[in-house]
Amino acid sequence: MRIFLDTADTAVIRKHWDTGLIDGVTTNPTLMMKAGRNVDDVYQEIKDIGVTDISMEVVGSGADMINEGLRLHKTFGQCATIKVPMTKEGLLACRTLFGEGINVNVTLIFSAAQAILAAKAGAKYVSPFVGRVDDNSFDGIELIDQISDIYTIQNIRKTEILAASVRDVKTVSDSFASGAHVVTIAPPVFPQLFYHVLTDHGLY
Ligand code: G3P
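The text that follows walks through the structure, step by step, so that each part is easy to find. Keep in mind that what you see is a predicted model, and the values were worked out from it rather than measured. (Residues numbered from 1 in each chain as written. Predicted model: local features only at pLDDT ≥ 70, side-chain atom pairs only at ≥ 80, totals over all residues. Heavy atoms only, no water.)

We now examine the site of the ligand. Within the structure, the ligand sits among Asp6, Asn28, Phe129, Arg132, Ala164, Ser165 and Arg167. Ser165 is positioned with one of its side-chain polar atoms (N or O) 2.7 Å from an oxygen atom of the ligand. Considered on its own, the ligand offers 310 Å² of accessible surface; in the complex 79% of this is hidden by protein. Its residues assigned to classes, the shell around the ligand comprises two nonpolar, two polar and three charged. (Near = heavy atom within 4 Å. Polar contact = N/O pair within 3.5 Å; in protein donor to acceptor, adjacent residues only side chain to side chain. Areas by Shrake-Rupley, 256 points an atom, 1.4 Å probe, with all protein chains shown as cover. Nonpolar A, V, L, I, M, F, W, Y, C, P; charged D, E, K, R; others polar.)

In structure tokens:
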């Protein structure tokens, strides 16, 4: 049961890292753009904080994704988890990188069928976007349930479910209850996990 932070803000990561309760970090191009810094500098700083699992997203053609994935793995070592999109090219890149012993996170998962293909392509993680499924009037937690059931029935152990697009406390616990191995959360949600009104009440 691992908690990742979904951010490229190194100050925020540093602040929460000290709790000893964070297990990894996921980034994406939008978060990198927000950080407004050289991408490799950001990864290096996250690695220097002590984070051992950092999802680094690659873009472009299949060849671009493979080459950038290989470069990132060479530069940052085993802490680099290469994040590819759930497309045909993304899964081909996943297969190739997996063959090189590199961990891959297949992102933008919106159906159980996609999670099946990503597992077959050798993904270490599949990232269903719980919040965005909910945004579109479907049930994000039901998607986690379905993927978890399929992986259990089919005895898929090497691919883990990483619940993404998680924006509130309840979705964190619901995701784990439904079988997510990892939940990556927007940083403002992390301090909220500590809080309960009755705990505060009981302190005085
Ligand atoms: O991990 C994916 C995440 O960054 C997307 O979150 O809130 O934009 O759906 P959101």
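Picking up where we left off.
Each regular strand carries side chains that alternate between the two faces of the sheet. Neither face of strand S3 (residues 54–57) is left uncovered, since the one carrying Ile54 and Met56 and the one carrying Ser55 and Glu57 both have all their residues buried. Bridge count between strand S2 (residues 24–26) and S3: two bridges; the pairing is parallel. Looking at S3, one finds that Thr26 is bridged to Ser55. Where S3 and strand S4 (residues 80–85) come together, four bridges link them in parallel fashion. Note that in S4 the partner of Ser55 across the bridge is Thr81. Note on the crossover from S3 through helix H4 (residues 62–76) to S4: the handedness is right-handed. (Buried < 20%, exposed > 50% of the residue type's maximum accessible area, 1.4 Å probe, protein only. Helix = DSSP H or I, 4+ residues; strand = E, 2+ residues; numbered from the N terminus. Pairing = 2+ DSSP bridges. Right-handed = clockwise from strand over helix to strand, strands pointing away.)

In an α-helix, one turn spans 3.6 residues, which is why side chains three or four residues apart end up on the same side. The complete set of buried residues in helix H1 (residues 10–17) reads Thr10, Ile13 and His16. Down the axis, H1 shows its buried residues gathered within 130° of arc, on one side only. For H1, the exposed residues lying more than 90 degrees away from the buried face are Ala11 and Lys15. Tucked into the core, H1 has its buried residues touching strand S1 (2–6), S2, helix H3 (39–49) and helix H10 (189–194). One side-chain oxygen of the residue at the start of H1 lies 3.1 Å from the amide nitrogen of Ala11, identifying that residue as Asp9. (Arc of directions from axis to C-beta. Contact = heavy atoms within 4.5 Å.)

On strand S6 (residues 125–128), burial covers both faces: Tyr125 and Ser127 on one face and Val126 and Pro128 on the other are all buried. Two strands pair when backbone bridges link them, and strand S5 (residues 104–109) and S6 are joined in this way by three bridges, in the parallel orientation. In the strand pairing of S6, Val106 is matched with Val126. Between the parallel pair S5 and S6, the chain is carried across by helix H6 (residues 112–120), and the sense of this crossover is right-handed.

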